[in-house]
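The primary structure of each chain is shown beneath.
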Amino acid sequence: MIGTFFLVLVIGLTGNPLAIGSVLMVMVYMGGHVSGAHYNPAVTLAILLQKKIDTKDAGMYILFQVVGSMAAAMVVYVITGNTFAPGPAATASTVSALLVEIIFTFALVSVILNVAVSKATSGNSYFGLAIGFTVLAAAYAGGGISGGAFNPAVGFGPCLIDTLVGGNSSLSHVWLYLVGPPAGAWLGSMVFSYTEK
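Student: Can you explain the overall build of the protein? Please cite residues and give values.
Tutor: Per the secondary structure count, the protein includes eight helices and zero strands. The linear arrangement of helices and strands in the protein, starting from the amino end, is α-α-α-α-α-α-α-α. On C-alpha atoms alone, the protein measures out to a radius of gyration of 16 Å, which is about the 16 Å that the 2.2 N^0.38 rule sets for 197 residues. Across its three principal axes, the protein shows a C-alpha extent of roughly 50 × 35 × 30 Å. The burial tally for the protein puts 46% of its 197 residues in the buried class. Long-range contacts, defined here as pairs at least 24 residues apart, represent 75% of the contacts in the protein between residues at least 6 apart.

Student: Report on unusual backbone geometry, specifying residues and quantitative values.
Tutor: Its identity is not glycine, yet K51 carries a phi of approximately 60°, on the positive side. By secondary structure assignment, the location of K51 is in the loop between α3 (41-49) and α4 (55-80). For K51, a relative accessible area of 72% translates into the label exposed. Backbone geometry at F150 places phi at a positive 55°, although glycine is not the residue there. In this fold, F150 is placed in the loop between α6 (127-146) and α7 (152-164).

Student: I'd love a proper account of the side chain of S146, names of residues and values included.
Tutor: Mapped onto the fold, S146 is located in helix α6. Dropping the residues within four chain positions of it, S146 is found in contact with G87, P88, A97, V100, E101 and Y177.

Student: Mind laying out the layout of surface pockets, listing which residues take part and the relevant values?
Tutor: Here the largest pocket defines a volume of roughly 770 Å³. Forming the boundary of the largest pocket are 44 residues, of which V28, A37, V43, I112 and I131 lie nearest the centre. For the lining of the largest pocket, the secondary structure elements donating two or more residues are α1 (2-13), α2 (17-35), α3, α5 (94-117) and α6. The residue makeup of the lining of the largest pocket, split by class, is 27 nonpolar, 15 polar and two charged. By volume, the second largest pocket is sized at about 220 Å³. In this structure, the second largest pocket is lined by 13 residues; those nearest its centre are M1, I2, G3, S35 and Y39. Of the residues contributing to the lining of the second largest pocket, the split by class is eight nonpolar, five polar and no charged.

Student: Give me the lowdown on the nonpolar core, citing residues and values where you can.
Tutor: L7, L24 and I131 are the most contacted members of the largest nonpolar core, which has 38 residues in total. Listing elements by their share of this core, those giving two or more residues are α1, α2, α3, α4, α5, α6, α7 and α8 (175-196). Setting aside residues up to four positions removed in sequence, L7 forms contacts with I20, V23, L24, N151 and V154.

Student: How would you sum up the environment of A72? Please name residues and give values.
Tutor: Residue position: A72 is located in helix α4. For A72, a relative accessible area of 0% corresponds to the buried category. Here the alpha-carbon distance between A72 and T4, two residues 68 residues apart in the chain, equals 8.3 Å. A72 has contacts with F5, V8 and L9, leaving out every residue within four places of it along the chain.

Parameters and conventions
Residues numbered from 1 in each chain as written. Predicted model: local features only at pLDDT ≥ 70, side-chain atom pairs only at ≥ 80, totals over all residues. Heavy atoms only, no water. Helix = DSSP H or I, 4+ residues; strand = E, 2+ residues; numbered from the N terminus. Rg over C-alpha atoms; globule rule 2.2 N^0.38 Å. Buried < 20%, exposed > 50% of the residue type's maximum accessible area, 1.4 Å probe, protein only. Contact = heavy atoms within 4.5 Å. 1 Å grid on protein atoms, 1.4 Å probe; cavity = no way out; pocket = protein on both sides within 12 Å on 5 of 7 lines; lining within 4 Å. Points joined across faces, edges and corners; volume = space filled by probe spheres on them. Nonpolar A, V, L, I, M, F, W, Y, C, P; charged D, E, K, R; others polar. Core = buried A, V, L, I, M, F, W, Y, C linked by side-chain atoms within 4.5 Å.

Bear in mind that shape data such as this cannot, by itself, settle questions of function.
If you want it as C-alpha cells, here you go:
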C-alpha cells in the first residue's frame, strides 16, 4: 500500500517520467524485503502465475495496491485542489492505446521476473534500478499515447476518484488499464516460463 501510494502520489503531483521512475526505484528498494515490492496488480498476477505467491496473498496485495492508489489520488486532490486520471491521447486509437499498455507492461514484468525472481540473478543489488528505469522509459515512450499507467491500480484509483470527486467521466477508459496490463503480465510470465527452462 505504501509503495503504490507514493508511486501514484508522484504521478499525480508531477507526471514527470524521471520522477515517476525514481520514486518507483526507491520504493522497490524500500519494500522489496517486506512484500516483494508488489505495487502493481499486473506484477502480482505475473508472480501468481509463476506460483511464487498464493491466491490469498495475491488478493490481499491487489486490494492494498488499489487502496494505496485511491488514497494517493485523494491526497493529490487535497494538496492541489484538482483530481487527475490517466487517459489516452485524443489522437490515439483504442488499439494503439491498448497495445502500448500491453507492450510496456510486458517489458516491466519481464524485467521484474528476470531481475527479482530468476534464480540466475538472485541476490543482485540492481533490481530496483532496472525496474525504475523500465517504468521511466515506458512513461517517456508510451505515456503520451495510452496515458502510461502500465498498472491497473494506477489506472483505476485515480480514475475512480476523478469520477467521484471531480465529476469527470474518467471511468469510460479505465478498461484500458484493467485489460492491457494484465494481458502484458500474462505474456511476460509465459515468456519467462519458457526462457527459464
